[in-house]
Amino acid sequence: MNFLEDADFKHYFKMFVIGISIFGILCFLFLFVFRDNHGITLKKDTVEYGNPVRVVDLIETVAGNGYEITFDEIDVFKLGSQTITGKYTDGSIPKQMIEIHVVDTKKPVIKINKDIDQNMELKDVRKLKVDSYYSVSDNQTPDSKIKIRKYIKEEKYSYGDTVHLIIEAKDKSGNISKKSVPICINAKKEKKEIHEEKKDE
């Protein structure tokens, strides 16, 4: 009789396989629950460009009591993602890697010059001769790289009207700021007729 066809053998073999499976699961759960956990939890993983922030300021918890850990510093003047390495004083513990994102969310600053003359000739308004009206700066983008858009809000205007100059500034990160400046268009000048007196010869 073939033992593979024996009912008792099949029963004991089945029980053996089930027992091995249960033992394996229990071992896995034991290792998972009682393993040394050295994970790092962050309060947040984003840093504003240029802000003097250290990695320890972002850490919420470090698992594994009694261990000291040191981190690489964040380059807060470099936009984008950075992988920071954490090293435990106990060399047997693997290094921990965390990802920090340096972002720029600050809008450019538009300053309107206080001593400007807000009365303008119509032709100068149409040509947008307003560069002396304002200055623009940004915490990350060089002044020469800031995109400036300027326009008159009103579609139609003429002599004696008050219009609004809109100045928009956009930095390399896509942050946009906007300011409005009222401008009074001078009234149309009347042509003076010059009468010359005739001299008697």
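Residues numbered from 1 in each chain as written. Predicted model: local features only at pLDDT ≥ 70, side-chain atom pairs only at ≥ 80, totals over all residues. Heavy atoms only, no water.

(A) Summary view of the overall build of the chain. Secondary structure assignment for the chain yields two helices and twelve strands. The order of helices and strands in the chain, counted from the N terminus, is α-β-β-β-β-β-β-β-β-α-β-β-β-β. The proportion of buried residues among the 201 residues of the chain is 26%. A sequence separation of at least 24 residues applies to 49% of the contacts in the chain between residues at least 6 apart. For the chain, the exposed area adds up to about 15,500 Å²; of that, 53% sits on carbon and sulfur atoms. (Helix = DSSP H or I, 4+ residues; strand = E, 2+ residues; numbered from the N terminus. Buried < 20%, exposed > 50% of the residue type's maximum accessible area, 1.4 Å probe, protein only. Contact = heavy atoms within 4.5 Å. Areas by Shrake-Rupley, 256 points an atom, 1.4 Å probe, with all protein chains shown as cover.)

(B) Spotlight on unusual backbone geometry. The phi angle at L128 is positive, at roughly 55°, despite the residue not being glycine. Inspection of the secondary structure assignment puts L128 in the loop between α2 (122-126) and β9 (134-137).

(C) Layout of the pattern of salt bridges. For the structure on display, the rule yields six salt bridges. Its salt-bridge partner being K189, residue E121 comes within 4.0 Å of it at the nearest N-O pair. Note that E121 is positioned in the loop between β8 (119-120) and α2 and K189 in the segment after β12 (176-185), a separation of 68 residues in sequence. In this structure E121 comes out as partly exposed when scored by relative accessible area, which is 26%. Among the residues examined, K189 registers a relative accessible area of 66% and is labelled exposed. E168 is the salt-bridge partner of K178, the closest N and O atoms lying 3.4 Å from each other. (Salt bridge = Lys/Arg side-chain N within 4 Å of Asp/Glu carboxyl O.)

Keep in mind these numbers describe shape, not what the thing actually does.
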